[in-house]
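# A structural walkthrough
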Amino acid sequence: MRRVLHPTDPTVVWRLTRGRSTAHATLFPGDGRSTLTWFLDGVMDRAENYDSIELALARADDIKGVLLRDGWRME
């Protein structure tokens, strides 16, 4: 069975690991506002709303950069 993707479907932006720990960011696009969430070991750490997908993706990159500098690795 094929799944049809829609522009408003949540999308995992990145996944990282450090030892047995995992982290990921998910983007929830919307009309006029997008939500970015990130999870550590399956528990939501934070959710933030942005006026555009571009701003949300820039914030996701910022968070990923902080984690990479702290020893996390791309999955």
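Look up a bit, the structure's there.
Residues numbered from 1 in each chain as written. Predicted model: local features only at pLDDT ≥ 70, side-chain atom pairs only at ≥ 80, totals over all residues. Heavy atoms only, no water.

## Quick look at the overall build of the protein chain
Test applied: Secondary structure elements follow DSSP: runs of H or I of four or more residues count as helices, runs of E of two or more count as strands, with numbering from the N terminus. Note on exposure labels: buried denotes an accessible area under 20% of the residue type's maximum, exposed denotes more than 50%, and partly exposed covers the range between, all computed with a 1.4 Å probe on protein chains only. A contact between two residues is defined here by any heavy atoms of the two lying within 4.5 Å. Areas reported here follow the Shrake-Rupley algorithm with a probe of radius 1.4 Å; residue values treat only the protein chains shown as occluding.
Helix and strand counts for the protein chain come out as one helix and five strands. Of the regular secondary structure in the protein chain, the N- to C-terminal order runs β-β-β-β-α-β. Seen through its C-alpha atoms, the protein chain measures out along the principal axes to roughly 35 × 35 × 20 Å. A burial count over the protein chain gives 29% of its 75 residues as buried. In the protein chain, the proportion of contacts linking residues at least 24 apart, taken out of those at least 6 apart, comes to 30%. Carbon and sulfur atoms provide 51% of the accessible area of the protein chain, an area that totals close to 5400 Å².

## Notes on helix α1 (residues 53-69)
Inclusion rule: Helix span, as expected, comes to 1.5 Å for every residue beyond the first.
Here α1 spans 24 Å end to end across 17 residues, near enough to the 24 Å set by a 1.5 Å rise per residue. If you check which residues of α1 are buried, you get A56, A60, I63, G65 and L67. In this structure, the buried residues of α1 make contact with β1 (11-18), β2 (21-28), β3 (34-40) and β4 (43-50). Looking one or two residues beyond α1, the residue adopting positive phi is G71, at roughly 105°.

## Some words on the pairing of β3
So the rule is basically this: By definition, two strands form a pair when at least two bridges between them are found by DSSP.
Judged by how many residues are buried, β3 sits mostly within the fold: five of seven residues are covered. With six bridges joining them, β2 and β3 adopt antiparallel strand pairing. Counted as the bridge partner of A25 is W38 from β3. Hairpin geometry of β2 and β3 is characterised by an intervening segment of five residues between the two adjacent antiparallel strands and by a positive phi of about 80° at G32. When β3 meets β4, the two strands line up antiparallel, connected through seven bridges. Its bridge partner lying in β4, F39 is registered against M44. Connecting the antiparallel pair β3 and β4 is a turn made up of two residues, with D41 showing a positive phi of about 50°.

## Let's talk about the nonpolar core
The tendency in soluble globular proteins is for nonpolar side chains to be buried as a group. So the rule is basically this: By convention a nonpolar core is built from buried Ala, Val, Leu, Ile, Met, Phe, Trp, Tyr and Cys residues, the set being connected through side-chain atoms within 4.5 Å.
Counting residues in hydrophobic clusters, the biggest one holds 13 residues, and the most contacted among them are W14, L16, A23, L36, I63 and L67. Mapped by element, the contributors of at least two residues to this core are β1, β2, β3 and α1. Considering every element that reaches this core, the biggest residue donor is α1, with four residues.

## Quick notes on the pairing of β2
Looking at chain direction, β1 and β2 are connected through seven bridges and run antiparallel. Bridge pairing in β2 links T17 to T22. Count of turn residues in the β1/β2 antiparallel hairpin: two residues, of which G19 carries a positive phi of about 65°.

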